[in-house]
Amino acid sequence: MINFTKEFDDKCENLGFFVPEHKLNLNTSKLDNEKKDKINKFLKKIESSKDKKKLHSFDLSDKQRCFVIIIKEKLINFELNDLGGSFKNLTNSYKGLNKINLLVSDNLKNKKLSEDEVISEFFYGYVLKSYSFKKYKSKSKLDPYVKIDVCVNKHEKFNKEFQSLLSVKEGVFLARDLVSEPPNVLNPKNYTEEILKLKKLGLKVEIFGEKDLKKMGMNSLLGVGQGSANETFLVTLQWNGKKEKGKPLCFVGKGVCFDTGGISLKPARFMEEMKYDMGGSAVVVGLMKTLALRKAKINAVGIVGLVENMPGSNAQRPGDIVKSYSGKTIEVLNTDAEGRLVLADALAYAEKEFKPKFIIDLATLTGAIIMALGEEYAGLFSNDDDLSEKLFEIGNAINEKVWRLPLHKNYDKLMNSKYADVQNINYAGGAGSITAAQFLQRFVSKDMPWVHLDIAGMAFSKKAASINSGGATGFGVRLLNDLIKKHYE
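Conventions and cut-offs
Residues numbered from 1 in each chain as written. Predicted model: local features only at pLDDT ≥ 70, side-chain atom pairs only at ≥ 80, totals over all residues. Heavy atoms only, no water. Helix = DSSP H or I, 4+ residues; strand = E, 2+ residues; numbered from the N terminus. Rg over C-alpha atoms; globule rule 2.2 N^0.38 Å. Areas by Shrake-Rupley, 256 points an atom, 1.4 Å probe, with all protein chains shown as cover. Salt bridge = Lys/Arg side-chain N within 4 Å of Asp/Glu carboxyl O. Buried < 20%, exposed > 50% of the residue type's maximum accessible area, 1.4 Å probe, protein only. Core = buried A, V, L, I, M, F, W, Y, C linked by side-chain atoms within 4.5 Å. Contact = heavy atoms within 4.5 Å. Axes fitted to C-alpha atoms, helices over the stretch in contact; angles between N-to-C directions. Parallel < 35°, antiparallel > 145°, perpendicular 65-115°, else oblique. Left-handed = near helix turned anticlockwise from the far one by under 90°. Nonpolar A, V, L, I, M, F, W, Y, C, P; charged D, E, K, R; others polar. Pairing = 2+ DSSP bridges. Patch = residues over 30% accessible without salt bridge, like charges linked within 9 Å, V, L, I, M, F, W, Y side chains within 5 Å. Lys, Arg positive; Asp, Glu negative; His and termini not counted. Charge placed at Lys NZ, Arg CZ, Asp CG, Glu CD. Disulfide = S-S within 2.5 Å. Polar contact = N/O pair within 3.5 Å; in protein donor to acceptor, adjacent residues only side chain to side chain.

Colleague: Got a minute to help me understand the overall build of the protein chain in this structure?
Modeller: Looking only at helices and strands, the protein chain features 14 helices and 19 strands. A globule of 489 residues ought to have a C-alpha radius of gyration of about 23 Å, and the protein chain, at 25 Å, matches this closely. In terms of overall dimensions, the protein chain has C-alpha extents of about 85 × 50 × 45 Å along its principal axes. Carbon and sulfur atoms make up 49% of the accessible area of the protein chain, which totals about 22,000 Å².

Colleague: Hey, could you run me through the pattern of salt bridges in this one?
Modeller: Pairing is possible between side chains of opposite charge, provided their charged atoms come close. Under the criterion given, the structure shown has 23 salt bridges. The partner of R478 in a salt bridge is E400, with the nearest N and O atoms 3.6 Å apart. Of the two residues, R478 is situated in helix α14 (residues 477–487) and E400 in the loop between α11 (385–398) and β15 (402–404); the sequence distance between them amounts to 78 residues. The pair formed by R478 and E400 is uniform in burial state, with each residue classed as buried. One connected set of salt bridges, linked through shared partners, spans D116, K154 and K157.

Colleague: Could you clarify how one ought to interpret the nonpolar core in this entry?
Modeller: Most often, soluble globular proteins keep nonpolar side chains buried together rather than apart. Core analysis: the largest hydrophobic core is formed by 95 residues, its most contacted members being F87 and F123. It is helix α4 (residues 155–180) that contributes the most residues to this core, 11 residues altogether. The residues contacting F123, other than those within four sequence positions of it, are I2, F4, F18, L102, I148, V150 and F162. Judged by nonpolar contacts, the second largest core, of 39 residues, contains L213, L222, I359 and L365.

Colleague: Whenever I open this one, the packing of helix α8 (residues 279–293) against α14 confuses me. Can you help?
Modeller: The geometry of a pair of packed helices is captured by two quantities: the angle between their axes and the separation between those axes. Viewed as axis vectors pointing N to C, α8 and α14 meet at an angle of 45°, and their least axial separation amounts to 9 Å. When the interaxial angle is binned, α8 and α14 end up oblique. Judged by the sense of rotation from one axis to the other, the crossing of α8 with α14 is right-handed. Two secondary-structure elements touch here, α8 through V283, G286, L287, T290 and L291 and α14 through V477, L480, N481 and I484. Split by residue class, the contact of α8 with α14 holds six nonpolar, three polar and no charged.

Colleague: Explanation requested: the sheet that holds β15 in the structure shown.
Modeller: The strands that make up a sheet pair up through hydrogen bonds in the backbone, lying either parallel or antiparallel. Ordered by their spatial adjacency, eight strands build an open sheet running β7-β8-β10-β9-β13-β17-β14-β15, and the pairing between neighbours is mixed. Both outer strands of the open sheet, β7 (204–208) and β15, are each paired with one neighbouring strand and no more. Strand after strand, the sheet turns through a mean of 20° between neighbouring axes, direction not considered. Judged from the 10 bridges that link them, strand β9 (residues 249–259) and strand β10 (residues 299–309) form a sheet pairing that is parallel. Bridge pairing in β10 links K254 to G305. Sitting on the sheet, helix α13 (residues 432–441) is in contact with β13 (358–363), β14 (378–382) and β17 (450–454), with an inclination near 145° to β17.

Colleague: Whenever I open this one, a positive patch on the surface confuses me. Can you help?
Modeller: There is a patch of like positive charges on the surface, built from K38, K41, K44 and K45. Take K44: it is sitting in helix α1 (residues 33–49).

Colleague: How do you make sense of the state of the cysteines when you look at a structure like this?
Modeller: This model, assessed by the stated rule, comprises zero disulfides. The thiol sulfur of C151 is not disulfide-bonded, and the nearest other cysteine sulfur, from C12, lies at 12 Å. With a relative accessible area of 4%, C151 lands in the buried category. Distance from the sulfur of C250, which forms no disulfide, to the nearest cysteine sulfur (C257) is 19 Å. Accessibility expressed as a relative area gives 0% for C250, which makes it buried.

Colleague: Help me understand the sheet that holds strand β1 (residues 2–5) in this model?
Modeller: Ordered by their spatial adjacency, six strands build an open sheet running β1-β6-β5-β2-β4-β3, and the pairing between neighbours is mixed. In the strand order of this sheet, the two ends are held by β1 and β3 (55–61), each with one partner. Each strand of the sheet is rotated relative to its neighbour by a mean of 25°, with strand direction disregarded. In the packing of helix α2 (residues 77–92) onto the sheet, contacts are made with β3, β4 (64–71), β5 (99–104) and β6 (147–151), and the angle to β4 comes to roughly 165°. Here helix α3 (residues 115–129) sits on the sheet in contact with β1, β2 (14–20), β4, β5 and β6, set at roughly 160° to β1.

Colleague: Looking at this model, I keep getting lost on the pairing of β4. Mind explaining?
Modeller: Taken residue by residue, a regular strand's side chains alternate between the two faces of the sheet. Burial runs high along β4: seven of the eight residues are buried. Pairing between β2 and β4: seven bridges, direction parallel. Bridge pairing links L15 to C66 in β4. When β3 meets β4, the two strands line up antiparallel, connected through six bridges.

Colleague: So what exactly am I meant to see when it comes to a negative patch on the surface here?
Modeller: On the surface, E206, D212, E231 and E353 cluster together to form a negatively charged patch. Among the structural elements, E231 can be located in the loop between α7 (219–225) and β8 (233–240).

Colleague: Please clarify how the side chain of N426 should be interpreted in this entry.
Modeller: Counting through the fold element by element, N426 comes out in the loop between β16 (422–423) and α13. For N426, a relative accessible area of 10% puts it in the buried group. Within the local environment of N426, its side chain forms a polar contact with the backbone nitrogen of A428, the two atoms lying 2.8 Å apart. A distance of 3.0 Å separates a polar atom in the side chain of N426 from the backbone nitrogen of G429. Apart from residues no more than four positions distant in its own chain, N426 is found in contact with L414, M415 and T435.

Shown next as structure tokens:
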């Protein structure tokens, strides 16, 4: 779809030009004077009318269309992504658009990014916006395919470096695909089969079924799935991109393939959206695919607990007490607070088995985080200031924003049980997202750097946004990939 080249075909039926806002003038020898004059007259009209739009199109002739992309000096990563996404919308509005030849101006300037980064981030947004999920529409038309040739200096370098961004796109799209699948298709067993396909990329995949989990003592995870006809699994994905042995980075995801709430049944309205309650696991799987595709020079582990929460005859009851993998006992007061039960065993296993450098877990964990932060920020809870600051900074740069909320011993007291070591929900003092994080914190040791990301408001959106078309977002793949690339490779 996107190809960087040293050639510019000014005979192409669709031409495009990147022009700096500070100098709305096209000066290039790659275009004949007549066409150049027409474009410069158009740019003068934009300048004199003080038109603030950054994307424009007009007809150069009956047979040729021109696109103009105006680049401001202060644009940062996500703003360029957004502009690229808007350009995708613009090209989609023209029927029969097959090919565009784009030329990058020699005098593009940016105060924070190189010209290479400016162009790459723009097209990164373009390809992220190109996602659609229509496999179950019987009369679905394929989205239009547009070939874009971009004339730049150092085109070979551009093509090589853009492949890294396309690897991230692949991980994001996998996460979106997994979340978009209907729950009758993506049950835990079928999910494991999707993960196994990643072995061809060099990932080591290990799958633990219910017999294994019983032997391992993962009763917290197993309890969630005991009302379902579908088997429960724990899956580990390992990427060894460094020859040297050392502590890996570890990512843990909640994979509740469908959540009825169990015996503590959810209301019927909007229950169909509970197919995306495996969004945290989808991010982990998508991230591991990205690391493998771009051959990241890091050792990393992804762990996902895959389960279905159903109100069957053998379902877990409110009031049950289970012994977790860590040895701690949990009183289950509400079977709809199941994600933390999945993560409790997965977190403890991650630390004991892999002794990682840090653990980051992701989960569509609480409705309370949506009440607090809406669809703008994921909730971040952590025992480590350094990790938190890194994620906050990266999130702001790429618009996968996180907001840190407190952990405190007074909240922790609200999760103490009369009959077990801990209870799975707090009925006494509100702060649903915080007390859920306090629950999880009990299953990692105090000296293990740990971050919990509550992505309940971010994994799925009913409305389209700048770089997604509505539905599954893949939030978290880019955030964690950039964390790894910037700080740990």
